[in-house]
Amino acid sequence: MTRALILGGTSDASLLAAAIACAGIDAVYSYGGRTRAPADQPLPTRIGGFGGVSGLADYIRREGITHVIDATHPFAAEMSRNAVEACAETGTPLIALERAPWTKAPGDDWIEVVDVHAAVAALPNAPANVFLAIGRQHIAPFAAKSQHSYTLRFVDPPEAPLLFAADVIVSRGPFTLDGELEMLRTRGIAWIVARNSGGDGARAKIDAARMLGLPVVMISRPQLPERLRVESVTEVMQWLGHRTCLGA
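Remember, it's a predicted structure, so these values are computed and weren't measured experimentally. (Residues numbered from 1 in each chain as written. Predicted model: local features only at pLDDT ≥ 70, side-chain atom pairs only at ≥ 80, totals over all residues. Heavy atoms only, no water.)

Counted under the stated rule, the structure contains four aromatic pairs. For the ring pair Phe50 and Tyr59, a centre distance of 5.2 Å and an interplane angle of 65° mean the geometry is edge-to-face. The exposure classification of Phe50 matches that of Tyr59, with both residues buried. Arranged with centres 6.0 Å apart and planes meeting at 70°, the rings of Phe142 and Tyr150 form a pair that is edge-to-face. Ring pairing ties together the aromatic residues Phe142, Tyr150 and Phe164, which thus form one cluster. Directly above the aromatic system of Phe50 lies the positively charged group of Arg46, at a separation of 3.9 Å from the ring centroid. Arg153 extends its terminal NZ or CZ atom over the ring of Phe175, reaching a point 3.6 Å from the ring centre. (Phe/Tyr/Trp six-rings, centres within 6.5 Å; stacked < 30°, edge-to-face > 60°. Buried < 20%, exposed > 50% of the residue type's maximum accessible area, 1.4 Å probe, protein only. Lys NZ or Arg CZ within 6 Å of the ring centre and 35° of its normal.)

Counting residues in each nonpolar core, the largest one holds 21 residues, and the members touching the most others are Ile6, Leu16, Ile20, Ile69, Leu97, Val236 and Met237. Counting residues per element, this core draws most heavily on helix 1 (residues 11-23), which supplies five residues. Core analysis: the second largest hydrophobic core is formed by 20 residues, Ala128, Tyr150, Leu152 and Phe164 among them. (Core = buried A, V, L, I, M, F, W, Y, C linked by side-chain atoms within 4.5 Å. Helix = DSSP H or I, 4+ residues; strand = E, 2+ residues; numbered from the N terminus.)

A word on the sheet that holds strand 6 (residues 109-113). Taken together, six strands build an open sheet; the order of strands is 6-11-10-7-8-9 and the sheet is parallel. Two strands close off the open sheet at either side, each with one partner strand: strand 6 and strand 9 (166-170). For this sheet, the mean inter-axis angle between neighbouring strands, taken without regard to orientation, is 20°. Pairing of strand 8 (residues 149-154) with strand 9 involves five bridges; the strand directions are parallel. Within strand 9, the position partnered with Tyr150 by the bridge is Ala166. Against the sheet, helix 6 (residues 204-212) makes contact with strand 6, strand 7 (129-133), strand 10 (191-195) and strand 11 (215-219), and its axis sits at roughly 150° relative to strand 10, the strand it touches most. (Pairing = 2+ DSSP bridges. Axes fitted to C-alpha atoms, helices over the stretch in contact; angles between N-to-C directions. Contact = heavy atoms within 4.5 Å.)

Taken as a whole and assessed by the stated rule, the structure comprises one cavity of 30 Å³ or more. In this structure, the largest cavity spans a volume of roughly 40 Å³. Here the lining of the largest cavity is composed, by residue class, of two nonpolar, three polar and three charged. (1 Å grid on protein atoms, 1.4 Å probe; cavity = no way out; pocket = protein on both sides within 12 Å on 5 of 7 lines; lining within 4 Å. Points joined across faces, edges and corners; volume = space filled by probe spheres on them. Nonpolar A, V, L, I, M, F, W, Y, C, P; charged D, E, K, R; others polar.)

Let's shift gears to helix 3 (residues 77-90). Helix length check: helix 3 (14 residues) gives 20 Å between terminal C-alpha atoms against 20 Å at 1.5 Å per residue, within 8%. Among all positions in helix 3, only Ala77, Ser80, Asn82, Ala83, Val84, Ala86 and Cys87 are buried. Of the surrounding elements, those touching the buried residues of helix 3 are strand 1 (3-7), helix 2 (52-62), strand 4 (67-70) and strand 5 (94-97). Positive backbone phi, approximately 70°, marks Gly91, located one or two places after helix 3. (Expected span 1.5 Å × (residues − 1).)

Spelled out as structure tokens, the structure:
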């Protein structure tokens, strides 16, 4: 009998959960716990970390997990690495549902960097209005350039005071091109810092930056161990030996 574990937290993971529930597959959806009000899922749900590789391996054994699907954010590198090691330790098949990264289009002004610290260094020294579209757990290094006026956008309000002055927008995507254009214009944004998350839900800000001629400091994805990787829910369902339910 199949019993799948979805390591989720993305829109792709939610689509997969709907397809798995429609197919009647026994599965558990796991949230990492960073979002305080996660979206409801049509599957039994757990919230919180596993306790590293050993904790995840113990969970796989204890719960009789037969298949693991890593549908976490492309930058959730620690969880993805733990999944590779835990599945190798337990002999559990693993597949990653990972959207393709964005690629530069004509008119894009990207400064591609390897990590957040390099993104800080890429920003100008002269004060500017900067939109940080990178998630709240990655913003601390930007305190090194506190001369900038930062705009942040989070799913949840910050739980603790920020290390630098910033205007915080609390909103959940996906975001529209028109909405992103308005936000960038009304706030006078001159620079955008983004992670190369890929997909459609967060792409509007990249398209808006191109239209407005704004530079984007684009943080490349982290290097991860080799694993089976697909880009669609249909491919995951085929891997599980099931068809995708129409309309799921």
